[in-house]
Amino acid sequence: MSKTAEEYLAERLAREEELDNKTNFLTQQQRDAILIAQKALTEAEWSAREMFDLTMDDARNISNAECKLRIAFPNIGKLAKED
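Bear in mind the structure is a predicted one, so any value in this text is a computation, not a measurement. (Residues numbered from 1 in each chain as written. Predicted model: local features only at pLDDT ≥ 70, side-chain atom pairs only at ≥ 80, totals over all residues. Heavy atoms only, no water.)

Further remarks concern helix α3 (residues 56-72). With 17 residues, α3 should reach 24 Å at 1.5 Å per residue; the first-to-last C-alpha distance of 24 Å fits that figure. Buried within α3 are the following residues: Asp58, Ala65 and Ala72. Looking straight down α3, one finds its buried side chains confined to an arc of 65°; they lie on one side. Tucked into the core, α3 has its buried residues touching α2 (28-51) and α4 (74-82). Sitting at the amino-terminal end of α3 is Thr55, which places a side-chain oxygen 3.3 Å from the backbone nitrogen of Asp57. (Helix = DSSP H or I, 4+ residues; strand = E, 2+ residues; numbered from the N terminus. Expected span 1.5 Å × (residues − 1). Buried < 20%, exposed > 50% of the residue type's maximum accessible area, 1.4 Å probe, protein only. Arc of directions from axis to C-beta. Contact = heavy atoms within 4.5 Å. Polar contact = N/O pair within 3.5 Å; in protein donor to acceptor, adjacent residues only side chain to side chain.)

Now the structure itself:
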């Protein structure tokens, strides 16, 4: 028997709540870094999709986000350099 739309919605909301609760274990610096990165990615993606180009603001925002993420998550920054 297939699931109803309400069952899929309930499962999705439960997964989202679980993930949101896990962010409580991050430091404020880490949450801020993720938010900055998300905003930079969203704006750069919009520029690429709508203008077929990236602006210098996009480049600066990406650079700033990379720096914030590298500082907030030093182990992930090291792993990223290995690839």
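Moving on, we come to the pattern of salt bridges. Applying the stated rule across the entire model yields 7 salt bridges. Between Glu16 and Arg12 there is a salt bridge, with the nearest N and O atoms lying 2.9 Å from each other. Of this pair, Glu16 and Arg12 both sit in helix α1 (residues 5-22), separated by 4 residues, roughly a single helical turn. With relative accessibility at 35%, the residue Glu16 sits in the partly exposed group. A salt bridge links Arg49 to Glu50, with the nearest nitrogen and oxygen atoms 2.9 Å apart. Here Arg49 falls in the partly exposed class, since its relative accessible area comes to 43%. One salt-bridge network, held together by shared partners, links Glu45, Arg49 and Glu50. (Salt bridge = Lys/Arg side-chain N within 4 Å of Asp/Glu carboxyl O.)

For Ala10, the position within the fold is in helix α1. The exposure class of Ala10 is partly exposed, given its relative accessible area of 45%. As for Ala10 and Glu66, which are separated by 56 residues in sequence, their C-alpha atoms are 35 Å apart.

With that settled, the discussion passes to α2. Spanning 24 residues, α2 covers 34 Å between terminal C-alpha atoms, matching the ideal 34 Å at 1.5 Å per step. Residues Gln30, Ala33, Ala37, Ala40, Ala44 and Ser47 constitute the buried set of α2. Looking at the buried residues of α2, the elements they touch are α3.

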